[in-house]
Amino acid sequence: VSSEGYGALLARELGATYISFDPKRTQSPVSATMIRSDPLKFWDFIAVPGRPYFVKKICFFGPESTGKSTMAKHFANLYNTEFVPEVSRELITSNDFTIDDIIRIGEAQTQRVIDRSRTANKLLFCDTDLITTEIYSRHYLKQIPPILFELEKKVKYHKYFLFDIDVPWVVDDIRDLGLRRTEMFDVFKAELDNRKMEYQLVKGNFEQREDIIKSFIDSSIR
């Protein structure tokens, strides 16, 4: 059964019966080639179990108190989809943590992205990633457990947005690097540069940041 012109030839080679189905695609106006070329455009034609493969993961990246959490929630609402929070905040209450804690955080963050990809609607906005976990492991523990690098390979992001520090610092129970914001921003930027990863700098007030992100998504992804 096929809509393709090669169906009859394939059936003959296999000694099978050929049934042509909707060759002009009037009932199902799509093909596998069309889906592969623009999966988000033809999202409704993709079987639900196959959709996670095509979800575009967007990473909001940068040092603490730059608005990543707020923006991840905002864009998930804006595009009627899911977001992944910074899972470490569910697992620790201070920066007095151990290597075992950091491994647990890395595993939980990775699994959360995988899980949310299964229910996301075309896009998945992520508050953080494993590079961030590695940065804070090195900063606070002076070492990075090798498993974090393996976990980093399990999730590929379609786009990184690097959040600038040109917004007010907001104190909470975990943030303690308010006096080292420039230094930490440079660390985050260097991690992307060292990996030769493309990214978009996000700066300005909320509306300006929203415009930067939305403009890219609407012109390059959707």
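Just so we're clear, the structure is a prediction, and the values are computed from it rather than from any experiment.

Attention now goes to the packing of aromatic side chains. All told, the structure shown has 15 aromatic pairs when counted by the stated rule. Each ring, one from Phe60 and one from Phe161, has its centre 5.9 Å from the other, and the planes form 70°; the classification is edge-to-face. Of the two residues, Phe60 sits in strand E1 (residues 56-61) while Phe161 sits in strand E4 (residues 159-163), which places them 101 residues apart along the sequence. Across the pair, exposure class does not vary: Phe60 and Phe161 are buried alike. Through successive ring pairs, a cluster of aromatic residues spans Phe60, Phe75, Tyr79, Phe125, Phe161, Phe163 and Phe216. When the ring centre of Phe216 is taken as origin, the NZ or CZ atom of Lys159, which lies over that ring, is 4.5 Å away.

Turning to the pairing of E1, a few remarks are in order. Across the 6 residues that make up E1, a large majority, 5, are buried. In the sheet, E1 pairs with strand E3 (residues 123-126) via 4 bridges, with the strands oriented parallel. Residue pairing for E3: Ile58 is matched across the bridge by Phe125. Here E1 runs beside E4; their pairing, made up of 4 bridges, is parallel. Considered in E4, the bridge of Phe61 is made with Leu162.

Here a disulfide denotes one covalent bond, and it connects the sulfur atoms of two cysteines. Under the criterion given, the structure shown has 0 disulfides. Summary of cysteine pairing: Cys126 is not part of a disulfide, and the nearest cysteine sulfur, belonging to Cys59, is at 6.4 Å.

What follows deals with helix H9 (residues 181-194). The end-to-end C-alpha separation of H9 is 20 Å, in line with the 20 Å expected for 14 residues at 1.5 Å each. The set of residues buried in H9 consists of Arg181, Met184, Phe185, Phe188, Glu191 and Leu192. Projected down its long axis, H9 carries its buried residues within an arc of 120°, all on one side. When the buried face of H9 is taken as reference, the exposed residues oriented beyond 90 degrees from it are Thr182 and Asn194.

The rules behind these values
- Residues numbered from 1 in each chain as written.
- Predicted model: local features only at pLDDT ≥ 70, side-chain atom pairs only at ≥ 80, totals over all residues.
- Heavy atoms only, no water.
- Phe/Tyr/Trp six-rings, centres within 6.5 Å; stacked < 30°, edge-to-face > 60°.
- Helix = DSSP H or I, 4+ residues; strand = E, 2+ residues; numbered from the N terminus.
- Buried < 20%, exposed > 50% of the residue type's maximum accessible area, 1.4 Å probe, protein only.
- Lys NZ or Arg CZ within 6 Å of the ring centre and 35° of its normal.
- Pairing = 2+ DSSP bridges.
- Disulfide = S-S within 2.5 Å.
- Expected span 1.5 Å × (residues − 1).
- Arc of directions from axis to C-beta.

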